[in-house]
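Here is how the chains run, residue by residue.
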Amino acid sequence: MKIFKYIITLFVFFLSINLLASNSQVIDSLRLAYKNSASSEEKLELLVQLCDKTKYSDFETSLIYGRKGIEIAQKIENKYSEAKIRNNLGLAYTNQSEYKKGIAEYELAKKLFIAVGDKDMEGVIYNNLGLLNHYKNDYAQELKYYHKALEIYQKLNSPSRKAMIYVNMGRVYISKKDYKKGASYFEKAYKNYDELKDYPRVVTCLNNIAALYSMSKDYEMSRMYFDKNLELLESIEGYDERKAMVLYNSSTVLIQLKDYQLAEERLNKALLIVDKE
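Residues numbered from 1 in each chain as written. Predicted model: local features only at pLDDT ≥ 70, side-chain atom pairs only at ≥ 80, totals over all residues. Heavy atoms only, no water.

1. Focus on the pattern of salt bridges
Part 1: Evaluation of the coordinates by the stated rule reveals 15 salt bridges.
Part 2: Note that Lys55 is salt-bridged to Asp52, the shortest N-O span being 2.3 Å.
Part 3: We classify Lys55 as buried; its relative accessible area is 0%.
Part 4: Where Asp120 meets Arg161, a salt bridge forms, and the shortest distance between an N and an O atom there is 2.7 Å. Taken as a pair, Asp120 in helix 6 (residues 119–135) and Arg161 in helix 8 (residues 159–175) lie far apart in primary sequence, 41 residues in all.
Part 5: Beyond isolated ion pairs, a larger network of salt bridges with shared partners links Arg223, Asp227, Asp259 and Arg266. (Salt bridge = Lys/Arg side-chain N within 4 Å of Asp/Glu carboxyl O. Buried < 20%, exposed > 50% of the residue type's maximum accessible area, 1.4 Å probe, protein only. Helix = DSSP H or I, 4+ residues; strand = E, 2+ residues; numbered from the N terminus.)

2. Regarding the packing of aromatic side chains
Part 1: Counting across every chain of the model gives six aromatic pairs.
Part 2: Ring plane angle 75° and centroid distance 5.6 Å describe the contact between Phe59 and Tyr93, whose orientation is recorded as edge-to-face. Here Phe59 is found in helix 3 (residues 59–76), whereas its partner Tyr93 is found in helix 4 (residues 79–95), with 34 residues between them in sequence.
Part 3: Here Tyr173 and Tyr185 contribute two aromatic rings whose centre-to-centre distance is 5.6 Å and whose plane-to-plane angle is 0°, an arrangement assigned as stacked. Of the two residues, Tyr173 is situated in helix 8 and Tyr185 in helix 9 (residues 179–196); the sequence distance between them amounts to twelve residues.
Part 4: Assessed through its relative accessible area of 11%, Tyr185 is described here as buried.
Part 5: The structure contains a cluster of three or more aromatic residues connected by ring pairs, namely Tyr166, Tyr173 and Tyr185.
Part 6: Its end group placed over the ring of Tyr34, Lys43 keeps NZ or CZ at 4.9 Å from the ring centre. (Phe/Tyr/Trp six-rings, centres within 6.5 Å; stacked < 30°, edge-to-face > 60°. Lys NZ or Arg CZ within 6 Å of the ring centre and 35° of its normal.)

3. Details of the environment of Arg161
Part 1: Given a relative accessible area of 16%, Arg161 falls into the buried group.
Part 2: The spatial distance from the C-alpha of Arg161 to the C-alpha of Tyr193 is 9.9 Å, given a sequence separation of 32 residues.

4. As for the nonpolar core
Part 1: Counting 61 residues, the largest nonpolar core has Ile165 and Met169 as its most contacted members.
Part 2: Considering each element in turn, this core owes the most residues, nine residues, to helix 8.
Part 3: The contacts of Met169, once residues within four sequence positions are left out, are Leu143, Tyr146, His147, Leu150 and Tyr185. (Core = buried A, V, L, I, M, F, W, Y, C linked by side-chain atoms within 4.5 Å. Contact = heavy atoms within 4.5 Å.)

5. Regarding the environment of Leu156
Part 1: Its place among the elements puts Leu156 in helix 7 (residues 139–156).
Part 2: Overall, the relative accessible area of 41% leaves Leu156 in the partly exposed class.
Part 3: Separated by 91 residues in sequence, Leu156 and Tyr65 have C-alpha atoms that sit 32 Å apart.
Part 4: Ignoring any residue separated from it by four or fewer positions in sequence, one finds Leu156 in contact with Lys119 and Asp120.

So, in structure tokens, the structure goes:
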């Protein structure tokens, strides 16, 4: 039965301000536009996009686009576009585990974003430096960068950015097996996403909070957050797979609390949803 793949599952979304997927048709379109472009400004904007779209799928090509873009950006004194390229190169190097080069690009990007007065992107760089240190298992340095980013986003009063940082901070404590502290940061993220009515992320946060309390053996708190999540899922459409996951996960907690009847009811509901798909 497919339902058994769910087992108290943490759906941690680890956030940088980038999408992992690249679209070959989009890349081909950008390459054609670059070939036919005339002005330096147009070429630069296309190189920014090409560097971004290839940074995970074609590392060497991404570097070529990035270097060409930086050359043009410096020639026409476009600091903002250079900063965007250097951020993309930082992500590309991080993905290749070339951390020293990644840090160097991020630091240059940060200086440029500060120079043009873009506080939001300065915070993004601190976030991405935090992510880089996560991959190095340097959690103290990772948290240091997240706190710098959080300070910026609190001043900017940006709920989505604050939530992003809280999620990443929560993941640090999951890695350190401090599950209750991890849950506390997901609770902060949840409040910000709830304010934005970002229901996919609200559902994920609530599941993670409940799962973390379960991992801490605080089953009453776990049950409370699973119940809150189910209440939300009953009020919105299009989340059947997530609802099955939460029903199943909550049933395992109910078993720990010896509420076997409700556990069975929720497990059966989950199975019904899965059987329909």
